[in-house]
Amino acid sequence: MSSGSRLRVAICGAGIAGLTCALALSEYPDIEIDVFESAGKLAEVGAGIGLFPRPWQIIRRLGLEQDLLKTTESRLLEGRVPSFRYRKSDQREGVEFFRLYTQGALIFLHRADYQQTLLHHLPKSCRTHCSKRLLSYRQSHNRHGVDLFFEDGTSYSCDVLIGADGLKSAVRRCMLHEKSGIAQAEGKWEESMELLRSVDPIWSGQNAYRALIPAEKLRARAPSHSVFTAPMQYLGKNGYVISYPISGGKMINFVAFDMRHELENTKFNGPWVSTSNKSRFASRFADWEPEVQTLMECVEEPLQWAIHTIPPMKSFISGRVTVMGDAAHAMTPHEGSGAGQAIEDAYLLATVLGHPRTNSTNVHRALSVYDSIRRPLAYDVMEHSRMNGRYFSLNIDGVDFDSNRVGPREQLENLRYVARMFEKNWEWGDMDNVDRWDGERSGSSDGVLVTPASSSGK
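- In the nomenclature of an unreviewed UniProt entry, the protein corresponds to FAD-binding domain-containing protein from the organism Tetrapyrgos nigripes.

Listed below in structure tokens is the structure:
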């Protein structure tokens, strides 16, 4: 540790969570930051993300707002703002039944644009290291610090280890095995086994087929397509399609979901991420309305994504080690909040570590504050997302949406019922009390408390 530094923080993972945390920590000149990325170069995998007003307040605080707005057609709006339009589309003539409104605008970004903006703002004092895949770590309760060991034979020592290394997190694996071993030593065999259940991700029973469509290609086929005027979700039995413009309107983000809820929590046979072709999922949407068919016609070489989640853990921390983002609470994407939750994790974690009273001897207390605040909310959002997957695929016990069995009026009533269900699942996203997260960053411990705001008032 260099003179004048009170904490050495190592972050494994240079994705949304890791780089956001690094940038937030860089506001504290007495904290040393090293980011270790397993890939050979810094590059995001994936396409579009949406950020609700709550995480956007953090974007503003970190000084990223203006640069990110240059990469998107989304505009900052206050008050009650129209967002997604919803159609029942698994029929020849679709039915539009709902428009989602948010308290403040939903901002759509390309993942790569977000990562590059973070890297541009990251100061040189924050060191990034590529081709550094964590093999294991060692921490001793008899001394301060954590020793990291990488697959290339190198090592590093730090005061705090943050695992932001995604779904297949090496930090989570090491942390849970460490805690399991301690439980075994104490004769707590059931607890030991329970800890190990969260090591490996589980399949949600869902596959996503993602693609970027050049806007000009879609415009040539359908100049007045709805996706040019509003973000769209096309719902149907056991599947749905989401689409919206990104990259300054030059590209259309497209995702088709194939949902097999009966296979939830089973093992997926095959690669979790792979290039694919339309034949793998087109039959699922063959009888859907023309707007969906037009989008399908524009898709080339989609990426198949087997959606996995992490079984909930009783804690995100072990001594001086913690996890965040997908490494802690990988969730299905149906709440549109995976990236937003990672950003919230990063900001709050940086806030408690940056508190002037946090040092190498009491850092475990700061991590406990992070865990007690973020874990319950993240898991709540995770369950909301799971339920939204049911709602968007019209999979609700006792509710019939099939036009062959119910009349138009009953179908519309049932659709509006499910709309109320998923609208309620988004009320938390209108909470606007991020102002209290850091309080007076050099003030009392009240600066790390979060108080829920009221709902949007919709």
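## Focus on the sheet that holds strand 9 (residues 146-150)
Hydrogen bonds along the backbone pair up the strands of a sheet, which may run parallel or antiparallel.
Right, on to step 1. Spatially, the three strands line up as an open sheet ordered 8-9-10, and their pairing is antiparallel. If you trace the sheet from one side to the other, it starts and ends with strand 8 (134-139) and strand 10 (155-158), each paired once. Here the average twist between neighbouring strands, direction ignored, is 20°.
Right, on to step 2. With four bridges joining them, strand 9 and strand 10 adopt antiparallel strand pairing. For Phe149, the partnering residue across the bridge sits in strand 10 and is Ser155.

## Remarks on the confidence of the model for the protein
Right, on to step 1. Across the protein, pLDDT averages 88, with 91% of residues at or above 70.
Right, on to step 2. Note on residues 431-458: pLDDT under 50 across the span, and 61 contacts to partners over four residues away in sequence or across chains.

## Considering the sheet that holds strand 11 (residues 160-163)
Right, on to step 1. Spatially, 7-2-1-11-19-18 is the arrangement adopted by the six strands of the open sheet, whose pairing is mixed. Pairing within the sheet leaves two strands with one partner each, and these edge strands are strand 7 (127-129) and strand 18 (317-318).
Right, on to step 2. With three bridges joining them, strand 2 (residues 31-36) and strand 7 adopt parallel strand pairing. Within the sheet, the bridge partner assigned to Asp34 lies in strand 7 and is Arg127.
Right, on to step 3. Against the sheet, helix 10 (residues 338-354) makes contact with strand 1 (7-12), strand 2, strand 11 and strand 19 (321-323), and its axis sits at roughly 175° relative to strand 11, the strand it touches most.

## Quick word on the pattern of salt bridges
Right, on to step 1. Scanning all chains against the criterion turns up 28 salt bridges.
Right, on to step 2. Across the pair Arg6 and Asp30 runs a salt bridge whose closest N-O atoms are separated by 2.6 Å. Highlighted residues: Arg6 in the segment before strand 1 and Asp30 in the loop between helix 1 (16-25) and strand 2, separated in sequence by 24 residues.
Right, on to step 3. With relative accessibility at 16%, the residue Arg6 sits in the buried group.
Right, on to step 4. For Asp30, a relative accessible area of 24% corresponds to the partly exposed category.
Right, on to step 5. In this structure, the salt-bridge partner of Arg390 is Glu264, at a minimum N-O distance of 3.6 Å. Of this pair, Arg390 sits in helix 11 (residues 363-392) while Glu264 sits in the loop between strand 15 (251-259) and strand 16 (273-275), placing them 126 residues apart in sequence.

## Focus on empty space enclosed by the protein
Any space left empty among the atoms is revealed by the rolling of a water-sized probe across them.
Right, on to step 1. Enumeration according to the criterion identifies three cavities of 30 Å³ or more in this entry.
Right, on to step 2. Here the largest cavity is characterised by a volume of approximately 40 Å³.
Right, on to step 3. Lining the largest cavity are Gly50, Leu51, Phe52, Pro55, Gly336, Ser337, Gly340 and Trp428.
Right, on to step 4. Here the residues of the lining of the largest cavity are counted per class, giving four nonpolar, four polar and no charged.

## Brief notes about the state of the cysteines
Right, on to step 1. One pass over the structure, following the stated rule, counts zero disulfides.
Right, on to step 2. Cys12 forms no disulfide, and the closest cysteine sulfur to it belongs to Cys158, at a distance of 8.2 Å.
Right, on to step 3. Cys12 sits in the buried class, given a relative accessible area of 3%.
Right, on to step 4. Unpaired in this structure, Cys130 has its nearest cysteine sulfur neighbour in Cys126, at a distance of 12 Å.

## Here we look at the environment of Glu262
Right, on to step 1. Within the element layout of this structure, Glu262 appears in the loop between strand 15 and strand 16.
Right, on to step 2. Counting along the chain gives 47 residues from Glu262 to Ala215, while the straight-line C-alpha distance between them is 36 Å.

## Focus on helix 5 (residues 170-185)
Right, on to step 1. For helix 5, built from 16 residues, the straight-helix expectation of 22 Å at 1.5 Å per residue is met to within 8% by its first-to-last C-alpha distance of 23 Å.
Right, on to step 2. Among all positions of helix 5, only Ala170, Val171, Arg172, Cys174, Met175, Leu176, Glu178, Lys179, Ser180 and Ala183 are buried.
Right, on to step 3. With a side-chain oxygen lying 3.2 Å from the backbone nitrogen of Val171, the N-terminal cap of helix 5 falls on Ser169.
Right, on to step 4. A positive backbone phi angle near 80° is found at Gly187, which sits one or two residues after helix 5.

The rules we used
Residues numbered from 1 in each chain as written. Predicted model: local features only at pLDDT ≥ 70, side-chain atom pairs only at ≥ 80, totals over all residues. Heavy atoms only, no water. Pairing = 2+ DSSP bridges. Helix = DSSP H or I, 4+ residues; strand = E, 2+ residues; numbered from the N terminus. Axes fitted to C-alpha atoms, helices over the stretch in contact; angles between N-to-C directions. pLDDT = per-residue confidence, 0-100. Contact = heavy atoms within 4.5 Å. Salt bridge = Lys/Arg side-chain N within 4 Å of Asp/Glu carboxyl O. Buried < 20%, exposed > 50% of the residue type's maximum accessible area, 1.4 Å probe, protein only. 1 Å grid on protein atoms, 1.4 Å probe; cavity = no way out; pocket = protein on both sides within 12 Å on 5 of 7 lines; lining within 4 Å. Points joined across faces, edges and corners; volume = space filled by probe spheres on them. Nonpolar A, V, L, I, M, F, W, Y, C, P; charged D, E, K, R; others polar. Disulfide = S-S within 2.5 Å. Expected span 1.5 Å × (residues − 1). Polar contact = N/O pair within 3.5 Å; in protein donor to acceptor, adjacent residues only side chain to side chain.

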